[in-house]
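Geometric and topological summary
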Amino acid sequence: MTLAVSSESAAKTKIAIRKTIIQKREALGGLEKDEKNLAIAQRLFCMDEFKKSKTVFCFLSTSFEVQTERIIRESLWLGKQVLVPLLDPRGENLQTSRLPSMDIDFVIGEYGVRQPAPKFQDIVPFSNIDFVVVPGLAFDKFGNRVGYGGGFYDKFFKKITRNVSRVAVSYDFQLFNLVPHSDLDEPVHFLITETKALRCRDISGVEV
């Protein structure tokens, strides 16, 4: 999909993108969605960056997002440490909690995001993370990302080192030729969909 965006219309364009993608995600049938989720997970598992990683940070998916439970369970089975996001009650920052298992109690936190129940929360520093799986609504080949508007992952990316692999998982229809972005937005390094795995590069062809 092609997108021509001026700086003046960027905010409105992001709103339109979010609405369009949310509608498309909601229209996915159960079987089709399961097939796409499996293909995405398998492509991610083939990445050398994933194979070499020791600490994986992965979001806990909502029902309409690319499902991450398979990714989390495989990471745990491989002996990797898995961290998941916690949003503080003021909605300003993202923290990371170690996840011992998927077979624990979860609660719905800020913005409808699932997180470990308080007794299972184990806050740990960002320093050991070497592989990040992030959500989003739209992406382009340059690694630009349209999220849900909170800016949590942009702030999070600024707190971790640049050599940490940032991987966005999405469906094919979430990929655009270009999405609106600013200097405050932090790009991802890889895009994984049900049909492709892309290494993002900036406009000059340099890896982001």
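The structure we're discussing is the one just above.
Residues numbered from 1 in each chain as written. Predicted model: local features only at pLDDT ≥ 70, side-chain atom pairs only at ≥ 80, totals over all residues. Heavy atoms only, no water.

1. Brief notes about helix 4 (residues 69-77)
Inspection of helix 4 places Ile71, Ile72 and Ser75 among the buried residues, and these make up the whole buried set. Projected onto a plane normal to the axis of helix 4, the buried residues spread over an arc of 95° and lie on a single side. Elements in contact with the buried residues of helix 4: helix 2 (30-45), helix 3 (48-52), strand 1 (55-58) and strand 2 (81-87). Following helix 4 by one or two positions, glycine 79 adopts a phi angle in the positive range, close to 85°. (Buried < 20%, exposed > 50% of the residue type's maximum accessible area, 1.4 Å probe, protein only. Helix = DSSP H or I, 4+ residues; strand = E, 2+ residues; numbered from the N terminus. Arc of directions from axis to C-beta. Contact = heavy atoms within 4.5 Å.)

2. Looking at the environment of cysteine 58
Looking at the element boundaries, cysteine 58 is found in strand 1. In the structure, cysteine 58 is positioned 124 residues away from serine 182 in sequence and 25 Å away in space, judged by C-alpha atoms. Beyond its immediate chain neighbours, meaning those up to four positions away, cysteine 58 contacts Thr68, Ile71, Ile72, Leu83, Val84, Pro85 and Val133.

3. As for the pattern of salt bridges
The full count for this structure, using the stated rule, is 11 salt bridges. Of the charged contacts, one joins aspartate 122 and arginine 98 as a salt bridge, the two residues approaching to 3.0 Å between their closest N and O atoms. Placement of aspartate 122 in the loop between strand 5 (114-116) and strand 6 (123-124) and of arginine 98 in strand 3 (residues 94-98) is noted, with a sequence separation of 24 residues between them. Overall, the relative accessible area of 30% leaves aspartate 122 in the partly exposed class. Residue classification places arginine 98 among the partly exposed residues on the basis of a relative accessible area of 32%. In this structure, the salt-bridge partner of aspartate 105 is lysine 119, at a minimum N-O distance of 4.0 Å. One end of the pair, aspartate 105, is in the loop between strand 3 and strand 4 (106-108); the other, lysine 119, is in the loop between strand 5 and strand 6, with 14 residues separating them in the sequence. According to the relative accessible area criterion, lysine 119 is exposed, its value standing at 67%. By sharing partners, the salt bridges in this structure join Lys158, Arg162, Arg166 and Glu186 into a single network. (Salt bridge = Lys/Arg side-chain N within 4 Å of Asp/Glu carboxyl O.)

4. What to know about the side chain of aspartate 154
Among the secondary structure elements, aspartate 154 is positioned in helix 5 (residues 152-159). With sequence-adjacent residues up to four places away left out, aspartate 154 is seen in contact with Leu184, Asp185 and Glu186.

5. Notes on helix 5
Because an α-helix completes one turn every 3.6 residues, residues spaced three or four positions apart along the sequence face the same direction. By the burial criterion, the buried members of helix 5 are Phe152, Tyr153, Asp154, Phe156 and Phe157. Those residues of helix 5 that are buried lie in contact with strand 1, strand 2, strand 3, strand 7 (131-134), strand 9 (145-146) and strand 10 (165-169).

6. Here we look at the sheet that holds strand 9
Taken together, 3 strands build an open sheet; the order of strands is 9-8-11 and the sheet is mixed. Both edges of this open sheet fall to strand 9 and strand 11 (175-176), since each of them pairs with a single strand only. Two elements, strand 8 (residues 138-140) and strand 11, share 2 bridges in a ladder whose sense is parallel. From the neighbouring strand, aspartate 140 faces strand 11, where its bridge partner is phenylalanine 176. (Pairing = 2+ DSSP bridges.)

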